[in-house]
Amino acid sequence: MRLEVRPAVGPMRGRARVPGDKSIGHRAVLFGALGQGCSHVRGLSGGEDNARTVALLEALGVRIVRLDAHALDVHGAGLEALRASERPLECGNSGTTMRLCAGLLAGVPGRHVLVGDAYLHRRPMRRVAAPLGAMGAVLGGAPGGKPGEVYPPLSIEGRRPLAGGHHVCEVASAQVKSAILLAGLAADGPVTVSEPGPSRDHTERMLRARGVPLSVQGLTVTLDPRGWDGRIAALDVAVPGDPSSAAFLAVAAAIVPGSEVRIDGILLNPTRTGFLDALCAMGADVVIDDRRDVGGEPVGALVVRARELQATTIAGELVVRALDELPVLAVAAACAEGTTVIRDASELRVKESDRVATTVRMLRTLGVCAEERPDGLVIEGRAGRPLGVGRVDSAGDHRIAMAGAIAALLSDGPCEIDDADNVRTSFPSFVATMRALGADLEER
Ligand code: S3P
């Protein structure tokens, strides 16, 4: 599928919702499967990535009743009830499914094989294989790109109990932290994870809410099972709107002159709102309205109005809190005045695509001067001058496809975004939502 995008002739206006948060969706279903009894989950994204986690858990014997495209009942019976599947477990494009489920399966006796699509098979798995191996599971993968690295398919010999221990992560990664904590549910001693930066903390919040003995001190999390009966409570979840999807609409509203867009019900967990801090540092007009708490997570409406943007530097912990939004922040930078630098972002190179390379390529295709750095990128803003016309190759990466579509709104003429099928992994309603706000684009 490709997207055809025509330049904006008028402002983006209106009120929108985005699909449920992908990270919370995966965890709501997973922790529901480990709970005792029925967890009702609503507000799921309807995207393919969450659906992979649902189907994988079903393959392990969990009963899940789909109520509609966005709601289901997960009938959990605890970790002990999970059974190894004879067939490979398909993760599709979803790194979160593969890495979180690797942690889960490390503590499920038997042999498991996790597979994915061609893009997922290029993503590094040593970051989960090493700590899970140290806990006593036996993990194997395929060789590939980097010597010593491990790639899917991932085979796992699960066992129980696993060993406790302290894991010090080299990169701040919620997927790795969550994999270790999930394995920790099957450990016979305390499991501690320390990270170099503030990765998203939904696993911590959600496990604690279900009665798991977990404590957090700064960037260190400990799950201490001593004295715990191992029971995880069933809990209903209303998944809030995904800030990573809202970021595309927010940047569109910020850069298309005269725009005013309100996006309701967005997750505002501080480990996820780095993109708002970056946009504000660029001088964007962002107001947060209707703040409230939904199931232990802060939620609110974003109101974004267009305004001239200035260049900024995005580095350090801000990168961790804005990781998935960096491609679309680079688009905002391309429309700003001055030179924006994104650094400390080498993790971008191991996402659904090498997002340093694919973001730079997307911007250059649209006439923007941008350069790769080993750990980030430099973007020369065009401040008021339109972007060029081009045909963007999204390299199968949903966030590059959507960022490219947002950039194309300020182009000189119609643009095409190729290989955009994977938009449906996270934001299936992207085109319809953009059109409702006034953008002129379609799927072909
Ligand atoms: C996610 C964590 C992040 C993020 C991904 C979702 C999660 O990945 O990029 O889209 O739900 O835990 P890393 O943990 O690899 O940084």
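Reading guide: rules and limits
- Residues numbered from 1 in each chain as written.
- Predicted model: local features only at pLDDT ≥ 70, side-chain atom pairs only at ≥ 80, totals over all residues.
- Heavy atoms only, no water.
- Near = heavy atom within 4 Å.
- Polar contact = N/O pair within 3.5 Å; in protein donor to acceptor, adjacent residues only side chain to side chain.
- Areas by Shrake-Rupley, 256 points an atom, 1.4 Å probe, with all protein chains shown as cover.
- Helix = DSSP H or I, 4+ residues; strand = E, 2+ residues; numbered from the N terminus.
- Nonpolar A, V, L, I, M, F, W, Y, C, P; charged D, E, K, R; others polar.
- Domains from an automatic or database assignment.
- Pairing = 2+ DSSP bridges.
- Axes fitted to C-alpha atoms, helices over the stretch in contact; angles between N-to-C directions.
- Contact = heavy atoms within 4.5 Å.
- Phe/Tyr/Trp six-rings, centres within 6.5 Å; stacked < 30°, edge-to-face > 60°.
- Buried < 20%, exposed > 50% of the residue type's maximum accessible area, 1.4 Å probe, protein only.
- Core = buried A, V, L, I, M, F, W, Y, C linked by side-chain atoms within 4.5 Å.
- Buried area = accessible area lost by both parts, 1.4 Å probe.
- Salt bridge = Lys/Arg side-chain N within 4 Å of Asp/Glu carboxyl O.
- Expected span 1.5 Å × (residues − 1).

Caption draft 1: Focus on the site of the ligand. In the vicinity of the ligand, the contacting residues are Ser23, Arg27, Thr96, Arg99, Ser173, Ala174, Gln175, Arg200, Leu323, Asp324 and Lys351. Here Arg27 contributes a side-chain N or O atom positioned 2.7 Å from an oxygen atom of the ligand. For the ligand, an oxygen atom lies 2.7 Å from a polar atom in the side chain of Lys351. Against a free-state accessible area of 380 Å², the protein chains account for coverage of 95% of the ligand. The set of elements that each furnish at least two residues to the shell around the ligand consists of helix H1 (22-34), helix H3 (95-106) and helix H5 (174-184). Class assignment of the residues belonging to the shell around the ligand gives a composition of two nonpolar, four polar and five charged. Mapping the shell around the ligand onto the domain boundaries places at least three of its residues in each of domain 1 (3-20 + 240-443) and domain 2 (22-238).

Caption draft 2: Region of interest: the sheet that holds strand S12 (residues 214-217). As summarised here, the arrangement of the four strands in space is S10-S11-S13-S12, forming an open sheet in which the pairing is mixed. On the outer flanks of this sheet lie strand S10 (165-168) and S12, each paired with one strand and no other. Going across the sheet, the axis of each strand differs from the next one's by a mean of 15 degrees, ignoring polarity. Pairing geometry for S12 and strand S13 (residues 220-223), over four bridges, is antiparallel. Bridge pairing in S13 links Leu214 to Leu223. H5 rests against S10, strand S11 (191-194), S12 and S13 of the sheet, and its axis sits at about 175 degrees to S11.

Caption draft 3: Spotlight on the packing of aromatic side chains. Evaluated as defined, the whole model comprises two aromatic pairs. On the numbers, 5.5 Å between centres and 70 degrees between planes, the contact of Phe427 with Phe430 is edge-to-face. Look at Phe427 and you get buried, because its relative accessible area is 0%. Judged by its relative accessible area of 0%, Phe430 falls in the buried class. Grouped by ring-pair contacts, the aromatic residues Phe248, Phe427 and Phe430 constitute a single cluster.

Caption draft 4: How the structure looks around the sheet that holds strand S18 (residues 313-314). Sheet architecture is open: four strands sit in the order S18-S19-S21-S20, paired in mixed fashion. Across the chains shown, the open sheet's two edge strands, defined by having one partner strand only, are S18 and strand S20 (370-373). Where S18 meets strand S19 (residues 339-342), two bridges bridge the pair, whose relative direction is parallel. In the sheet register, Thr313 faces S19, and the bridge partner there is Val341.

Caption draft 5: The nonpolar core, seen in detail. If you look at the biggest cluster of nonpolar residues, it comprises 80 residues, and the most contacted ones within it are Ile379, Ile406 and Phe430. The element contributing the most residues to this core is helix H7 (residues 243-255), with ten residues. Residues Leu82, Ala106, Met135 and Ala186 belong to the second largest nonpolar core, which totals 65 residues.

Caption draft 6: Main features of the domain arrangement of the protein chain. Along its sequence, the protein chain is carved into domain 1 (3-20 + 240-443) and domain 2 (22-238). In this assembly, 31 residues from domain 1 lie in contact with 24 residues from domain 2. When domain 1 packs against domain 2, close to 2300 Å² is buried across both sides, 47% of that on carbon and sulfur atoms. The interface formed by domain 1 and domain 2 contains five salt bridges. Measuring nitrogen to oxygen at the nearest pair gives 2.9 Å for the salt bridge that ties Arg127 to Glu347. Across the domain 1-domain 2 interface, the total number found is 14 residue pairs in polar contact (both at pLDDT 80 or more).

Caption draft 7: Spotlight on H7. The end-to-end C-alpha distance of H7, which contains 13 residues, comes to 18 Å, matching closely the 18 Å that a straight helix rising 1.5 Å per residue would cover. Of all 13 residues making up H7, 13 are buried, and the element is well covered by its neighbours. The N-cap residue of H7 is Asp242: its side-chain oxygen and the backbone nitrogen of Ser244 are 2.8 Å apart.

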